[in-house]
Amino acid sequence: MKITPQCVVSLTWTLKDTLGEELDVLDEPVEFLVGGADLLARIEESLQGHEAGDVLDLHLEPENAFGDYDDRLLFLEPRQLFPDDLEEGMGFEGLPEGCNPAAPRDRLYFVSDIYPDHVVLDGNHPLAGIALRLKLKVHAVREAEVAEVGRGTLGAGFFRAHIDPPADTPPRTLH
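Cut-offs applied
Residues numbered from 1 in each chain as written. Predicted model: local features only at pLDDT ≥ 70, side-chain atom pairs only at ≥ 80, totals over all residues. Heavy atoms only, no water. pLDDT = per-residue confidence, 0-100. Contact = heavy atoms within 4.5 Å. Salt bridge = Lys/Arg side-chain N within 4 Å of Asp/Glu carboxyl O. Helix = DSSP H or I, 4+ residues; strand = E, 2+ residues; numbered from the N terminus. Buried < 20%, exposed > 50% of the residue type's maximum accessible area, 1.4 Å probe, protein only. Pairing = 2+ DSSP bridges. Axes fitted to C-alpha atoms, helices over the stretch in contact; angles between N-to-C directions.

Chemist: How should the confidence of the model for the chain be read in this particular structure?
Modeler: Detailed conclusions should not be drawn from predicted coordinates in areas where pLDDT is low. On average, residues of the chain score 88 in pLDDT, and 89% of them are at 70 or above. Note on residues 164-175: pLDDT is under 50 here. Beyond four places in sequence and across chains, it has 16 contacts.

Below you can see the structure in the form of structure tokens.
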């Protein structure tokens, strides 16, 4: 079966920056919904018409990957609003109560720096501003089930920087 909109693909990849430094390797195949929110648009476009066994080499500029780095998404927040076991690199879905009300609530935030009285949170995707080289291998292709299409995702969050939590959901810590 060839890849078309609204199908499920099973992929592995090697992700590198333009200098060849390895950023991520997905060794075991993971399923992604094509036509949903699981993959970047440029990846979906490139996959169209391919089938199991195909290998693709993609070059993604920041605007086709995770966007340019936006320093307006850096927030200095009071340390006491965060758990005692806070570590650099820790992620949060949304921000704790009491944080800057101007900070977008629909983003994943990562702790970039910890000071005695403050924490620096970064709402950029960790790969924002970086041109990427992506070697993809298609392992399987199948038709998407109606429920999968209705959800718009199979839950693979690697390519997401935004969240869509219910209004009353407190921030969730990601490890």
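Chemist: I would appreciate a short explanation of the pattern of salt bridges in the present structure.
Modeler: Side-chain pairs of opposite charge can arise whenever the charged atoms involved come near each other. On inspection of all chains with the given rule, the structure shows six salt bridges. Close ionic contact of Arg142 with Glu31 constitutes a salt bridge, the shortest N to O distance being 3.2 Å. Highlighted residues: Arg142 in strand β8 (residues 132-143) and Glu31 in strand β2 (residues 22-33), separated in sequence by 111 residues. On the basis of relative accessibility, which here comes to 25%, the residue Arg142 falls in the partly exposed class. The salt bridge partner of Glu148 is Arg142, with a shortest N-O separation of 2.8 Å. Classification of Glu148 by relative accessible area gives buried; the value is 7%. It is possible to trace a salt-bridge network through shared partners that takes in Glu31, Arg142 and Glu148.

Chemist: Please clarify how the environment of Ala131 should be interpreted in this entry.
Modeler: Examined against the element boundaries, Ala131 turns out to sit in the loop between β7 (118-122) and β8. In this structure, the C-alpha to C-alpha distance between Ala131 and Asp68, residues 63 residues apart in sequence, is 9.6 Å. Residues in contact with Ala131, not counting those within four places in the same chain, are Lys16, Asp17, Thr18, His59, Leu60, Glu61 and Pro62.

Chemist: Sorry if this is basic, but what is going on with the environment of Ala65 here?
Modeler: In this structure, Ala65 sits in the loop between β3 (55-60) and β4 (74-78). With relative accessibility at 12%, the residue Ala65 sits in the buried group. The spatial distance from the C-alpha of Ala65 to the C-alpha of Ile43 is 8.9 Å, given a sequence separation of 22 residues.

Chemist: What's the story with the environment of Ile114 in this structure? I'm lost.
Modeler: Assignment of secondary structure puts Ile114 in strand β6 (residues 108-114). Given the relative accessible area of 29%, Ile114 is considered partly exposed. Ignoring sequence-local partners within four residues, the contact set of Ile114 consists of Arg79, Leu86, Glu87 and Glu88.

Chemist: In this structure, what is going on with the sheet that holds strand β1 (residues 7-17)? I would like to understand it.
Modeler: Strand pairing in a sheet relies on backbone hydrogen bonds, with the paired strands running either antiparallel or parallel. Taken in spatial order, the four strands line up as β2-β1-β8-β3 in an open sheet, and their pairing is antiparallel. Both edges of this open sheet fall to β2 and β3, since each of them pairs with a single strand only. Neighbour to neighbour, the strand axes of the sheet diverge by 20° on average, direction disregarded. In the sheet, β3 pairs with β8 via six bridges, with the strands oriented antiparallel. Note that in β8 the partner of Leu58 across the bridge is Leu134.

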